[in-house]
Amino acid sequence: MTTRRMTMAQALIGFLKNQYVERDDREQKFFAGMLGIFGHGNIAGIGQALQQNPDFPYILVRNEQAGVHFASGFAKASNRLRAYACTSSIGPGATNMITGAALATINRLPVLLLPGDIFARRNVAPVLQQLESPSTQDVGVNDCFKPVSRYWDRIYRPEQLIAALPEAMRVLTSPSDCGAVTLALPQDVQAEAYDYPAELFEKRVWLIRRSEPDRVSLHRAVAAIRAAKRPLIVAGGGVLMSEASAALAAFVEKTSIPVCETQAGKGSLAWDHPMQMGAVGATGTLAANRLARQADLMIGIGTRYSDFTTASMTAFQNPQVRFVNINTAEFDAYKVGAIPVVADARVALGRLIEAVGDYLVPQRYADEAAKLKSEWDAEVDRLFHLNNPGKPAQSEVIGAMWEASGPRDVLLSAAGSHPGDLHKLWRTRTPNGYHMEYGYSCMGYEIPGALGAKAADPTREVFVFLGDGTYLMMPTEIVTSVQEGIKIIVVLVDNHGFGSIGSLSRSLGQGGFGTAYNMRNAKTGQLDGEPLHVDFAANARSLGANAVEASSIVELKQALEDAKQADRTSVIVIETDPSIGVPGFESWWDVAVAEVSDLDSVREAHSRYEEARKRERHHL
Ligand SMILES: Cc1ncc(C[n+]2csc(CCOP(=O)(O)OP(=O)(O)O)c2C)c(N)n1
Ligand SMILES: [Mg+2]
């Protein structure tokens, strides 16, 4: 056997450089490089190995969590066909990545996490930043990655890498089991040498399978569709990951089945496609929510049925409703008592087109859907152009951003009131033109996630829409955007705190307690003093961005045009009128209300809550 004597870290980089994926006869390199921050737990191992492998790019980030968000944004925008690895030191550098790991796993995105770990040798323990336990020496902070990783391993000996790496690649390239993969790398082992088999460093191509549905399930799904009078498709993220938009369009053009979309699936069909009813569920459109309520067959494609999609199990009220689920993951396919079609979305849609024959939805149903769609389009036009006196409404800001963006541009967001408003209002023109992280809805994802999305396809402008709260959580990757020359356009809505959680609090009878940015009031002892002023433009400028304040929609439009022309990241700050929110459209979301309280308002909210919960259904 030919061997090469290398450190464990050198072998790891040598392997990662040679991993490729293949789908639809298209082959490409899987890893774009490594993101991270060095400390004593990785500098001599991974750091040294990266230094002697300049063809494997290393990107220094400002926070390890942000590094993982960058990697998730990149993987999502690449439809999981490319990924980044992330390196950290031991201790806090490692645990900073846990939030990122959870986000990646929940959104089913491939990221390879390489936290440094304590000495395997143990004789010098406890090392700096080591968590000690009186009951075992075989535990450390990296064990916290276990529940948030789809594969987890610790490499105590350099040769264990040879067994771990193929497992890591299997999970990272799996259409059904994809998520964060964590390989905890003890700092001493990273630097240890071993005679690795040369074969480990040969080019290896991982096939991203397009699995076929089994004959019986497909037959049952077709029978259910052919019998349906009011079928409705829920397009989830799986449609985009599978690049199945054209197949979906062909299927619905043949059958006239209307389509609604989850957050992850938004943009599966262009907004102006005649069968496109828009967002469904808690943040759904009137068109989609009305059709969902009476549907007799829901066809879920690549969706995991989160509570936002099902409006906390109240969206589907037809007593006869049944479900067909097309999903690569058996786990999701079996949800809501569905006929499970465990298959790739594009393949399954192709089979369905052949198998449904001459099926067409009843004309009355098609007319009803078309009417609801045109009413909804008019409502969006109205909300885009409210001409609110004084500060603009958030929906007007969205309208201006939409008008400024081009057909292939990307809108990216994650938390606050922005995801709900965008789910309803954004008019996605092309697949992946809407990049919403709403599996974990993680404040702080936006800026690093956008850098990843932009790195995945630099030909598309990336517009980020975020709030003052989420900006303050993680503005620092603006520095990374300058360092790497990755340009994004950020629109920051300043409404002086948590508009979203504030209105949620008011709806629960809690009056917005603890959600506005105010000074501590010496008289009351509460956070209800003078408004807290943060100069966001100055902050963004200090990190290296172009930054402006826009005080009207006209100024916002000009600032957006300037930002498009600029060659570096821009941050546009705009204050909005917090009293003009985008309403809900016959939807609901279950957030538990205190069962007993000193406040009348909470008691009233609780009785409304009890009433609303009666609509929650089991789909068995
Ligand atoms: C990391 C993290 N912490 C807490 C939350 C809960 N949360 C959701 S939205 C939100 C407020 C966001 O404020 P802002 O970005 O200003 O948006 P706004 O609600 O004002 O639209 C909070 C605290 C979260 N989603 N993520
Ligand atoms: Mg806010």
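Being a predicted model, the structure only gives us computed values, none of them experimental.

Cut-offs applied
Sequence positions are assigned chain by chain, starting from 1 and proceeding in written order. By the order in which they are written, chains take letters starting at A while ligands take numbers starting at 1. Two thresholds apply to this predicted model, a pLDDT of at least 70 for residue-level local features and 80 or more for giving and counting side-chain atom pairs, whereas whole-chain, interface and lining totals are computed over all residues. Working from all heavy atoms in the structure, the side-chain values ignore hydrogens and water. Note on aromatic contacts: the rings of Phe and Tyr and the six-membered ring of Trp form a pair at centre separations within 6.5 Å, being stacked when their planes are under 30 degrees apart, edge-to-face when over 60 apart, and tilted otherwise. Secondary structure elements follow DSSP: runs of H or I no shorter than four residues count as helices, runs of E no shorter than two count as strands, and numbering proceeds from the N terminus. Only protein chains enter the accessibility calculation, which uses a 1.4 Å probe; a residue whose area is less than 20% of its type maximum is buried, one above 50% is exposed, and one in between is partly exposed. Both a distance and an angle decide whether a charge sits over a ring: NZ of Lys or CZ of Arg must be within 6 Å of the ring centre and within 35 degrees of the ring normal. Listed donors are limited to N, O and S atoms within 2.8 Å of the metal, widened to 3.2 Å for Na, K and Ca; water is not among them, so incomplete-looking sites are possible. Disulfide: a pair of cysteine sulfur atoms within 2.5 Å of each other. Buriedness of a pocket was judged along seven lines, with at least five required to meet protein on both sides within 12 Å; pockets are open sets of points on a 1 Å grid over the protein atoms alone, cavities are sets where a 1.4 Å probe fits but cannot get out, and lining residues have an atom within 4 Å of a point. Grid points are joined across faces, edges and corners, and a volume is the space filled by probe spheres set on the points. Three classes are used: nonpolar for Ala, Val, Leu, Ile, Met, Phe, Trp, Tyr, Cys and Pro, charged for Asp, Glu, Lys and Arg, and polar for all others, with Gly counted as polar. Any residue with a heavy atom lying within 4 Å of a molecule or strand is counted as near it. Under this definition, polar contacts are N or O atom pairs within 3.5 Å; protein pairs additionally need one hydrogen-donor-capable and one acceptor-capable atom, and for neighbouring residues in sequence, both atoms have to be side-chain atoms. Only the protein chains shown count as cover for residues, and the accessible areas themselves come from Shrake-Rupley with a 1.4 Å probe. What makes two strands pair is DSSP finding at least two bridges between them. An axis is simply a line fitted to the C-alpha atoms; with a helix, the fit covers only the stretch in contact. Between two such axes, the angle follows the N-to-C directions and lies from 0 to 180 degrees. A score between 0 and 100, pLDDT records how confident the predictor is in each residue. We call a set of buried residues a nonpolar core when its members are Ala, Val, Leu, Ile, Met, Phe, Trp, Tyr or Cys and they connect through side-chain atoms within 4.5 Å of each other. What makes two residues a contact is simply this: any of their non-hydrogen atoms within 4.5 Å.

### Side note on the packing of aromatic side chains
- Under the definition given, this model contains 16 aromatic pairs.
- An angle of 85° between the planes, with centres 5.5 Å apart, marks the rings of Phe 70 and Tyr 84 as edge-to-face. Here Phe 70 is found in helix α3 (residues 64-77), whereas its partner Tyr 84 is found in strand β6 (residues 83-88), with 14 residues between them in sequence. Comparing Phe 70 with Tyr 84 shows no difference in burial state: the two are buried.
- Ring centres of Tyr 196 and Phe 201 lie 6.4 Å apart, and the angle between their planes is 75°; on these two criteria the pair is classed as edge-to-face.
- Under the relative-accessibility criterion, Phe 201 is labelled buried at 8%.
- An aromatic cluster of at least three residues, connected via ring pairs, comprises Phe 70, Phe 74 and Tyr 84.
- Over the aromatic face of Trp 402 sits the side chain of Arg 427, whose NZ or CZ is 5.6 Å from the ring centroid.

### Things to note about the coordination of the magnesium ion (ligand 2)
- Protein-derived ligands of the magnesium ion (ligand 2) are Asp 468 (OD), Asn 495 (OD1) and Gly 497 (O), with the metal-ligand distances lying across 2.0 Å.
- All donors of the magnesium ion (ligand 2) come from a single chain, and their spacing in sequence reads D-x26-N-x1-G. Taken as a pair, Asp 468 in helix α18 (residues 468-473) and Asn 495 in the loop between β21 (489-494) and α20 (499-507) lie far apart in primary sequence, 27 residues in all. This pair shows no difference in class: Asp 468 is buried, exactly as Asn 495 is.

### Overview of the state of the cysteines
- In this structure the tally under the stated criterion is 0 disulfides.
- No disulfide involves Cys 178; its nearest neighbouring cysteine sulfur is the one of Cys 86, lying 14 Å away.
- You can call Cys 178 buried: its relative accessible area is 1%.
- Between Cys 442, a free cysteine, and Cys 86, which holds the nearest cysteine sulfur, the sulfur-to-sulfur gap is 14 Å.

### Structural notes on empty space enclosed by the protein
- Applying the stated criterion across every chain, the model contains 4 cavities of 30 Å³ or more.
- What the second largest cavity holds in volume is close to 140 Å³.
- In this structure, the second largest cavity is lined by 20 residues; those nearest its centre are Trp 271, Gln 276, Gly 278, Trp 376 and Trp 426.
- Elements supplying a minimum of two residues to the lining of the second largest cavity: β14 (276-279), α14 (363-384) and α16 (418-425).
- A class-by-class count of the residues in the lining of the second largest cavity yields 8 nonpolar, 6 polar and 6 charged.

### Concerning the site of ligand 1
- As a matter of local geometry, ligand 1 sits amid 16 residues, with Ser 417, Asp 468, Gly 469, Gly 499 and Ser 500 nearest to it.
- Thr 470 has a polar backbone atom sitting 2.9 Å from an oxygen atom of ligand 1.
- Here an oxygen atom of ligand 1 and a backbone polar atom of Gly 499 are 2.7 Å apart.
- In the complex, the protein chains occlude 78% of the 580 Å² of accessible area that ligand 1 would expose alone.
- Counting residues per element, the ones that place at least two in the shell around ligand 1 are α18 and α20.

### Re the sheet that holds strand β20 (residues 462-467)
- Ordered in space as β19-β18-β20-β21-β23-β22, the 6 strands form an open sheet in which the pairing is parallel. At either end of the open sheet lies a strand with only one pairing partner, and these are β19 (434-436) and β22 (546-550). This sheet shows a mean twist of 20° between the axes of neighbouring strands, independent of strand direction.
- Summarising the sheet, strand β18 (residues 410-413) and β19 pair through 3 bridges and their orientation is parallel.

### What to know about the confidence of the model for the protein
- Put simply, the protein has an average pLDDT of 97, and 100% of its residues get 70 or more.
- Across the protein, the element-wise mean pLDDT spans from 94 in α20 up to 99 in strand β7 (residues 111-117).

### Thoughts on the nonpolar core
- Core analysis: the largest hydrophobic core is formed by 88 residues, its most contacted members being Leu 248 and Leu 556.
- Those residues in contact with Leu 556 that sit more than four places away from it in its chain are Val 397, Ala 400, Val 491, Ala 550, Ile 572 and Ile 574.
- Counting residues in each nonpolar core, the second largest holds 51 residues, with Ile 59, Leu 412, Ile 488 and Phe 536 among its members.

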